[in-house]
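Each chain, letter by letter, is given below.
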Amino acid sequence: MAHVSYVAAFFLSLIKLSIGQREVTVQKGPLFRAEGYPASISCKVTGHKGPSEQHFQWSIYLPTAPTQEVQIVSTKDDSFSYALYAQRVRSREIYVERVQGNSVVLHIANLQMKDAGEYECHTPSTDETYFGSYSAKTTLTVIPDALTATMNPQVLNKEEGDPLELTCQVFKTTAQHTHLSVTWYVMQEGGRSQATKVISLSRDFMLAPGPSYTERFEAGDVRLDKLGVSTFRLSIGRLQPSDQGQLFCEAIEWIQDPDETWTFITKKQTNQTALEVQPEVKDFQVNLTAGSMFAEGKPLELVCLVLGSSRAPQLQGVWFFNDEETASVDAAGVLDLKTSYRERASQGQLQVSKLSPKAFSLRIFSAGPEDEGTYRCVVMKVERTQTGSWRVLQRKQSQDSPVRLRKPAARSVTLSEKNKRQAVWEGEALALLCQAGGEESPILVRWWHIPQGQTQPEFVAAMGQDGTVQLGPSYGESRNQGNVRLAKVNWATFQLDITSTAITDSGTYQCEVSEMIRNQARNARTQILVTVKSLESSLQVTLMSRQPQVKRADTFDLSCIIRAGYSDLKLPLTVTWQFQPAGSQVSYRLIQMAHNGTIEWGDGLSQFPKKTEVSQGPFRSQLLIHDATEEEAGVYQCQVEVYDRNSLCTNSSAKAKAISHPLRIAVALPKSTLKMNSTSQAQEVSISSNVDIACSILARSEGNLPLSVIWYFAPNSANPAQLKILEMDQNDVIQYGGEFLTPRRKQKFHMEKVSQALFQLHILNADHEDLGSYHCAVDEWLLLTNGTWHRLGEKKSGPTELKIKPTGSEVRVFKENWTENAIEHSDVALHCQLESSGSLPSLFSVTWYWSSGSSRSQMLVSLQHDGLLEYGEEGLAKDLHCYRSSPKDFVLKLHRVELRDAGRYWCRVSEWQLHGKPSKWVNQASDESWHVVLTVLPSEPTFPSRICSSPSLLYFLVICPLLLLALLLASLLCLHWKTKRLATLRFEASQEKALWVGMKRVGDKTSCKSEEDEEEEGN
């Protein structure tokens, strides 16, 4: 089934390619890579149209925001990267390698945990239509580095033929399924040559010897064994001189990707073991090393060395003192001491031992007068017989070595600077040597410092007889830890190191040596003056350029020269270039070459990285800026910061800083060398014929800069203002002037670019309106880097006078200046009259013009010879009307004039006749009237207009009558209600009176009594 699926996938890909479908494929995931190691992801596009070299854009979707695209790098756009990855892309930590035109590989040099996520490879479309896939994604998981490889470093001295075994421990705790490969290497010539492979165990558990060890591997002399889970042992049966060097073990962890390829994710090397192989030598010599003098009570050690024998034979050593045997050590290491030495050895006063197969030692811990004499050692090369005894093969003895008892001398102390200097630079290491003279004995050393300008000494450090070091209060603080060290070079020499001096370290240093002799203290002291010079006092920065005045597109250089009295120290420097653009008050950081080797470009000056070469020397920094533009004009400065050697470890601040003087660079724009044909010309043409007016360029500036051409026309009229006909700008866009925006004028005037040096103005059907002077104005333009155009200069051609050949026909307009007054919002009629009505076959056209005095003339309306009206602007039709009231009178009617309509009005009348076969109307002659000055007076306000102009009064006059009418209606309703009520009461009263009259007849008593009662009540 797997075979069938692969075949189906293969034919499916062939079908996609045959139909031209774009397909983007990325390395199949998920991919597991380790932190701190490089990673790469491949991407390929097929089935595309367009160029063979396709562009690729890489993005990532982080686990914290799986829907948010973060752009990393692009082969098309340098500004594609987001700020999160921009610095790593600029430093080439992240880059894209193009394998082929349609295939790339994304490289991440140093993988970080934050690089984990879903990577997307996108290809911008070059196809005519979108068809297929344009991006693909894969997942990259960053895992911790879980591989360790360790080996105890050793220094081994072997002889030729000796065996060798070395082991290294390799551990991995990776959660994913991975394989290990282990390789042993040897590096010869002190590490200056390439490492030589000895033997390796591959990830597939296959053993493979190096080329130079193949025969020995096949013979079984070289082996690699895996002991347990994590131990790998290298075994060499018989060493050869070629095996000498530095041996180490390298472990590589491999992981299998989903595409079944193996990729290494981590690599570790162990510490090195130094192996020295001595060639085999048959003969040997014996050498006795011992001091010729010794002090009473001090140790005395004598060493008997066997020289010359390459192998480690079985040796037996015998010690003689004053020709008397005192001790022996046989080849098996059995010690035999004579009577006097046996007692002293039992008391711990001496020791006889075999230090190595070729070294014998006699050590007396407290020598006395009885040990003064002549010593000699005898070494015998032996072998064991079948009976178990030793048989002597060869015998050698050393020279006699006399040893004498030395009497104690007086103690002296000398103090000096290690490099014999009295002054050091700030940040430089200071090493003071305090050397005690006299007999060797345990001594105590104390160091003191008297700062410059003070008298009270400060305790610096002390070293006791047992080697313990004590630092003073101010030198043991956390900020000074590691900066002050006290070391013992030998028994008599002590070295005080200040790894990075400061100005405060100037002054006098004292060294005091103390010792106990027979329970009595003896002291000796000396001192030295040390001066620490400030780095800033000697630092000077100079900025210079060979071309402060630069032509555009040229190359100029800037050199930052650094001078200091400590140039031989080669201290790390940070050089920062600053740039203030011309016309700006803000200074920007151009580029910074830091002391740690990083180079960082500043923000906001994106043009410099593309055109600037940077070179950096020990005390010189240079910028070479190509293709200069006006953006590079301004003030440059160079700032230098000096650091001490330990700044990369301690992250300390700069010790000295200096900035150069400002240097202004001016970039001059090219000057125009444009030349025009300035000769005056005249053309006389027949009416209604086509006219070509030439605009000739005699010379142009270098580079064929873009041109703009403007044609001007000065008519032969009473208003000879210069009018712009049309303009072709530097982008070849044509725009007509305000007087020539009408459709008829646009059809009449055209411009043609005949060549790079010739432009022509075409006038179709020239008539009397076109009479006048024509000339062109040509400008050269330079496109600046900010996208704006800069005008280099304008040149004008000579005028060309256009004349019309006489036709025998002549039209005359009454010429009279007069003033017309009109009241605002009234209608005005302006007349243009002919002196004669002309011949019968003639027709006339009239064009009205207006000018306010300060503005250019404006064409209002034109009444064509065929009766059509053409307005100069849209919207004028409702404000004015032109008609012919009589054969000799043309009227311009202005409706409801406004104050803004005041100004000068005039007309131009043209005569038209039929000519040619087939016949067409031709302008025979034209004439222009003088000006009519129209003055518009403000209108007097009337009572209705005042009412309409006052909203509050209008509201009062409308609302007040309505309120009065409402009150009147309410009053009438109230009066009607009261009248109706009164009528009702009267009717009820009349009814009651009639009832009382009827009752009176029935009983008068009652009524009388009632009347009396009423009278009494009234009284």
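Refer to the structure presented above.
Cut-offs applied
- Residues numbered from 1 in each chain as written.
- Predicted model: local features only at pLDDT ≥ 70, side-chain atom pairs only at ≥ 80, totals over all residues.
- Heavy atoms only, no water.
- Phe/Tyr/Trp six-rings, centres within 6.5 Å; stacked < 30°, edge-to-face > 60°.
- Helix = DSSP H or I, 4+ residues; strand = E, 2+ residues; numbered from the N terminus.
- Buried < 20%, exposed > 50% of the residue type's maximum accessible area, 1.4 Å probe, protein only.
- Pairing = 2+ DSSP bridges.
- Axes fitted to C-alpha atoms, helices over the stretch in contact; angles between N-to-C directions.
- Patch = residues over 30% accessible without salt bridge, like charges linked within 9 Å, V, L, I, M, F, W, Y side chains within 5 Å.
- Areas by Shrake-Rupley, 256 points an atom, 1.4 Å probe, with all protein chains shown as cover.
- Salt bridge = Lys/Arg side-chain N within 4 Å of Asp/Glu carboxyl O.
- Disulfide = S-S within 2.5 Å.

**Comments concerning the packing of aromatic side chains**
Thinking step 1. Summed over all chains, the structure comprises 11 aromatic pairs.
Thinking step 2. For the pair F321 and Y375, a centre-to-centre distance of 4.6 Å together with 40° between the ring planes defines the contact as tilted. Placement of F321 in strand β24 (residues 315–321) and of Y375 in strand β29 (residues 373–384) is noted, with a sequence separation of 54 residues between them. The two residues F321 and Y375 agree in class, both being buried.

**Observations regarding the sheet that holds strand β42 (residues 540–544)**
Thinking step 1. Strand order in the open sheet formed by 4 strands is β42-β44-β49-β48, with antiparallel pairing between adjacent strands. In this open sheet, the two edge strands, each paired with only one partner strand, are β42 and β48 (612–617). Each strand axis lies, on average, 10° off the axis of its neighbour in the sheet, ignoring direction.
Thinking step 2. Pairing of β42 with strand β44 (residues 556–563), which is carried by 5 bridges, proceeds in the antiparallel orientation. Within β44, the residue paired with L543 across the bridge is C560.

**Here's the deal with the pairing of strand β38 (residues 484–488)**
Thinking step 1. Looking at chain direction, β38 and strand β39 (residues 493–498) are connected through 5 bridges and run antiparallel. Pairing of K488 across the sheet is with F494, part of β39.
Thinking step 2. Turn length for the β38-β39 hairpin, with the two strands adjacent in sequence and antiparallel, is 4 residues.

**Section: the sheet that holds strand β34 (residues 430–437)**
Thinking step 1. Overall, antiparallel pairing links the 4 strands, which are arranged β32-β34-β39-β38 in an open sheet. Every other strand in the sheet has two partners, leaving β32 (412–417) and β38 as the edge strands with one partner each. When the angles between neighbouring strand axes are averaged without regard to direction, this sheet yields 15°.
Thinking step 2. In this structure, β34 lies alongside β39, joined through 6 bridges in antiparallel fashion. Opposite Q435, over in β39, you have T493 as the bridge partner.

**A few points about a nonpolar patch on the surface**
Thinking step 1. A contiguous nonpolar patch, built from Y955, V958, I959, L962 and L963 and spanning about 520 Å² of accessible area, is present on the exposed surface.
Thinking step 2. Residue L963 is classed as exposed on the basis of its relative accessible area, which comes to 53%.

**Here's the deal with the state of the cysteines**
In protein structure, a disulfide is the covalent linkage between the sulfur atoms of two cysteines.
Thinking step 1. Under the counting rule described, the total for this entry stands at 7 disulfides.
Thinking step 2. The disulfide bridge from C304 ends at C377, spanning 2.1 Å between sulfur atoms. The disulfide joining C304 to C377 has a torsion of about 65° about its S-S bond and is therefore right-handed. Taken together, the residues span a long stretch of sequence, with C304 in strand β23 (residues 300–307) and C377 in strand β29 at a distance of 73 residues.
Thinking step 3. The buried category is assigned to C304, whose relative accessible area is 1%.

**Some details on the pattern of salt bridges**
Thinking step 1. On inspection of all chains with the given rule, the structure shows 29 salt bridges.
Thinking step 2. The partner of D145 in a salt bridge is K268, and the shortest N-O contact between them spans 2.7 Å. Taken together, the positions of D145 in the loop between β9 (135–143) and β10 (147–150) and K268 in strand β19 (residues 262–269) put the pair 123 residues apart, joining distant regions of the chain.
Thinking step 3. The partner of R589 in a salt bridge is E600, with the nearest N and O atoms 3.1 Å apart. Taken together, the positions of R589 in strand β46 (residues 588–593) and E600 in strand β47 (residues 599–601) put the pair 11 residues apart, joining distant regions of the chain.
Thinking step 4. Each of the salt bridges in this network shares a partner with another, and the network as a whole consists of R88, E93 and D115.

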